[in-house]
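So you can see what is in the structure, the chains are spelled out below.
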Amino acid sequence: ATQSMASTEADNPDSVTLGDNGVALSIARETIAPILGADAFHIGWTLDAASSASQGSVLQLPGSLVVTIDAEGDMLVRAFTTEGDIRIQTNGARLDDTKPHDIDISLEDGFLSLSIDDASVGSVAMEGTLLSSGNQDIYLGSPWNANFVGTISDLVVDLGDAGAPD
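The sections below set out a description of the structure shown in this document. Everything quoted here is computed from the prediction, not taken from an experiment.

**Things to note about the overall build of the protein**
Then step 1. Each helix and strand in the protein was counted, giving 1 helix and 13 strands.
Then step 2. Along the protein, from the amino end to the carboxyl end, the secondary structure elements read β-β-β-α-β-β-β-β-β-β-β-β-β-β.
Then step 3. Taking all 166 residues of the protein together, the buried fraction comes to 43%.
Then step 4. Here the analysis covers contacts within the protein between residues at least 6 apart in sequence; of these, 65% occur between residues at least 24 apart.

So, in structure tokens, the structure goes:
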């Protein structure tokens, strides 16, 4: 089961522009809820920084999954699972270089993995499933923190085999 989600931008109907603060796009939690108990999923998008000073929140599923970019242009993926908190942090990714980068976060065979531009940059064993705490939507941008300033395009959430009928 694949879902493609995007806002309407005048120059690119398949992109979302993140500003300094606030939620650029909110997706109803029930739309994304199937990944919370899934043993396999894929979330992918293209990320393009507006400037080399871009840092902050990219994607938040509060209580379950948070993706941020730091001042050095590195990505941190935090997953809150039924068995604890796990992290993948890049080193030297330079996602703030104002070039588009394809981002892929996937859970498969018990490993949460992060790929950037089709290259694996981190993988960690993930026991359990993403926590299903709270009732907030999934956000591109943040209602609480500063945002990574740039564009997200081609957002796809895919349950892979976990979403296929038996």
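**Some details on the nonpolar core**
Then step 1. If you look at the biggest cluster of nonpolar residues, it comprises 40 residues, and the most contacted ones within it are Ile35, Trp45, Met75 and Leu112.
Then step 2. For this core, the element with the most residues is strand β4 (residues 41-49), which contributes 5 residues.
Then step 3. When residues no more than four places from it in sequence are discounted, the contact partners of isoleucine 35 are Phe41, Ile43, Leu61, Leu130, Val157 and Leu159.

**Here's the deal with the packing of aromatic side chains**
Then step 1. The final tally for this structure, using the stated rule, is 1 aromatic pair.
Then step 2. A ring pair is formed by tyrosine 139 and tryptophan 144, whose centres lie 5.9 Å apart and whose planes are at 80°; its orientation type is edge-to-face.

What counts, and where the lines are drawn
- Residues numbered from 1 in each chain as written.
- Predicted model: local features only at pLDDT ≥ 70, side-chain atom pairs only at ≥ 80, totals over all residues.
- Heavy atoms only, no water.
- Helix = DSSP H or I, 4+ residues; strand = E, 2+ residues; numbered from the N terminus.
- Buried < 20%, exposed > 50% of the residue type's maximum accessible area, 1.4 Å probe, protein only.
- Contact = heavy atoms within 4.5 Å.
- Core = buried A, V, L, I, M, F, W, Y, C linked by side-chain atoms within 4.5 Å.
- Phe/Tyr/Trp six-rings, centres within 6.5 Å; stacked < 30°, edge-to-face > 60°.

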